[in-house]
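Per-entry structural report
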Amino acid sequence: MECKLALSVFRFDAKTDFLPYYKKHFITIDRSLSVNDLLAKIKTEDGSFDYPKGDLAALKINGKALFSNVSLDGIINSFGNSLTLEPLSTKRATKDMIINTDDFYERFDLLDAYVDGKDRPLFEHYMIYHYASSVLDLHEGFQGDALFAFAYDMIHKHPERKREILEVVANEHTGIFLHVKLCKKIYPCGADVEKKITELKNEVMKLKPYPNTLVEKFSHHIELL
Amino acid sequence: MKNYFLFDTLIQREKTAPMITAARKLIELLGIDAPSFKGAKADLGSEFMGLDKLKFLEHYAYNLTLAADQKRDILCFEQSSFISHAQTKDMLINDANLKFEIAGRLEKHNLSLNLDVQVVSLEQLLLEELEEMDTEKLTSLVKHPFGNFQAALFFGSNACRARKYRKEELVTRLLDSVQLKCVKHESSHESDGFEVYDASSSLAKKLAAKAMLDMFDNAADFVLVCDARSFIMFDFYQKELEKISGREIGLSVLSLAELLLLAFGETSKKAIGLDQHKVAISLI
């Protein structure tokens, strides 16, 4: 079934623009198509528009991070017909919906020594969680929720490396205890990743991988109960 | 009519005392059978689940059992305690191994795990539970409608969990009954920062300040919070949020019980607990 969407689309070209702006589009599209198809339609209206393509293509719609292969029908049911399209990080935009993802891949390097190269696609699969967190913009060096979800998977896949992996994510200045809940910042709901992060925190508290004042402080809280 | 225990051992009671005073007053005003839940363990906040899941479940299972044994449901007037109790019950009912483990732990306190108890939020109580109360009856109690004000309704990032156990629309229905308009803002489900306060107080304050400034910039007259943790961050720490953000905020913070009492005509700041707020309430 076709429907008319009122779109406000983030536009920015790092090569020529000083500031970003939002361009209006009114597009009629079949609801059964995907967000990717919507992006392609915007491109046909404005040839200068660009967006990420492929399996990891993602963006934010009305503030929620999502992969572009999701169905438009669900999006319209959740947000209505008026949509704001933005890149995963407006600060890291290079061209419209395309961003520089170097910071995301730098996080993988933190665990690179304890996992296999083959595990990298799984890490990439958590990209939207990395950019959904509001902590990323407020706390320099924050490891990010994608790394925590990935670390949870890795301690189960490589149990012999559990201690090393937990040592990385337990970092009191950049690690897992700075995570804030992001169920509502992910489409569809990120409850599964939230569960993984809760379990991972429990693992850190059980194993206490190395002397860490924050973990000691939390252990004291638990003992007081 | 059902019997309840009013769960009033909120998280950080020294900072959430106004919410407790207002809830007790509201229950008294409406003539609801809900004495203070004596002997209950204080709320820890769902953050504690991330530190020690089993201790968290044992803690709230203790309260559930205590109330069930006395054949009273648990009335929670804010989101933090509501989520923790409701989620514990849900997890234990749906996981036989966990239930067995927690039952064993409670036996050491000479308690036999009893989950035959409902966890009820204030809005559920007023709009769904009480047979003699409905939107019409509530509207008839309103002496001072809030038609001239617009609030920023803040649920926080924990609301996602609460939604499984109660409908968010119930809060907005209550607000309709007192004719309060709400401003649109993007922070309604953002973090209030409380969850990271122990790990980084500066990050916590930055998160809270970001949400507060968004509500301020959207022309809210005051902030209506659903969770004791949000109350702590927005009222108790507001001066520090101003310092960290370099901007004046000056936004009053009200809980649902305080708002209803004001609408029902209660004007004594002391009786409602408004005199205990850090940020003065100038609505009266």
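What you see is a predicted model, and the numbers here were worked out from it, not measured in a lab.

Glancing now at the domain arrangement of chain A. Residue and element names in this part refer to chain A. When its domains are assigned, chain A resolves into domain 1 (2-98) and domain 2 (102-224). Just the C-alpha atoms count here: the centres of domain 1 and domain 2 sit 29 Å apart. Per-element tally for the side of domain 1 that touches domain 2: the top contributor is strand β4 (residues 64-67), with 4 residues. A per-class count over the side of domain 1 that touches domain 2 returns 7 nonpolar, 2 polar and 2 charged.

Here we take up the interface of chain A and chain B. Interface extent is often summarised as the accessible area lost during association of the parts. With 22 residues of chain A at the interface, the matching set in chain B holds 22 residues. In terms of residue count, the dominant contributor to the side of chain A that touches chain B is helix α10 (residues 213-224) of chain A (5 residues). Of the residues belonging to the side of chain A that touches chain B, the class tally is 12 nonpolar, 6 polar and 4 charged.

Next up on the list: unusual backbone geometry. Each neighbour pair has its own omega, and for Tyr187 of chain A with Pro188 of chain A the value is -15 degrees, a cis peptide bond. Residue position: Pro188 of chain A is located in the loop between α8 (162-169) and α9 (191-207). One non-glycine residue, Lys71 of chain B, adopts positive backbone phi at about 55 degrees. Residue Lys71 of chain B is classed as exposed on the basis of its C-beta count, with 11 C-beta atoms lying within 10 Å. If you check the backbone angles, Ala219 of chain B has positive phi at about 65 degrees while not being a glycine.

Another point: the environment of Phe216 of chain B. Residues and elements named next belong to chain B. For Phe216, the position within the fold is in helix α9 (residues 201-217). The exposure class assigned to Phe216 is partly exposed, which follows from the 18 C-beta atoms found within 10 Å. With 31 residues separating them in the primary sequence, Phe216 and His185 have C-alpha atoms 9.4 Å apart. Sequence-distant contacts of Phe216, defined by excluding residues within four places in its chain, comprise Ile249 and Leu251.

Residue and element names in this part refer to chain B. Across the sheet, 3 strands lie side by side as β1-β2-β3; this open sheet has parallel pairing. Two strands bound the open sheet, and with one partner strand each, they are β1 (4-7) and β3 (119-121). Taking the axes of each pair of neighbouring strands and ignoring which way they run, one obtains an average angle of 30 degrees across the sheet. Here β1 runs beside strand β2 (residues 73-76); their pairing, made up of 4 bridges, is parallel. What sits directly across from Tyr4, in β2, is Asp73. Sitting on the sheet, helix α3 (residues 79-94) is in contact with β1, β2 and β3, with an inclination near 150 degrees to β3.

Strand order across the open sheet formed by 4 strands is β5-β4-β6-β7 (chain B), with parallel pairing between neighbours. Taken across any chain shown, the strands that pair with only one partner, and hence form the sheet edges, are β5 (181-182) and β7 (252-255) of chain B.

The next subject is the domain arrangement of chain B. Residues and elements named next belong to chain B. Partitioning chain B into structural domains gives domain 1 (4-122) and domain 2 (133-276). Summarising the inter-unit geometry, the C-alpha centres of domain 1 and domain 2 are found 23 Å apart. The interface is formed by 27 residues belonging to domain 1 together with 27 residues belonging to domain 2. Listed by contribution, the elements that provide at least two residues to the side of domain 1 that touches domain 2 are α1 (13-30) and α3. The biggest single contributor to the side of domain 1 that touches domain 2 is α1, with 11 residues. Residues belonging to the side of domain 1 that touches domain 2 are distributed by class as follows: 14 nonpolar, 9 polar and 4 charged.

About the thresholds
Residues numbered from 1 in each chain as written. Chains lettered and ligands numbered in written order. Predicted model: local features only at pLDDT ≥ 70, side-chain atom pairs only at ≥ 80, totals over all residues. Domains from an automatic or database assignment. Helix = DSSP H or I, 4+ residues; strand = E, 2+ residues; numbered from the N terminus. Nonpolar A, V, L, I, M, F, W, Y, C, P; charged D, E, K, R; others polar. Contact = placed C-beta atoms within 7 Å. Buried ≥ 20, exposed ≤ 12 C-beta atoms within 10 Å, placed from the backbone. Pairing = 2+ DSSP bridges. Axes fitted to C-alpha atoms, helices over the stretch in contact; angles between N-to-C directions.

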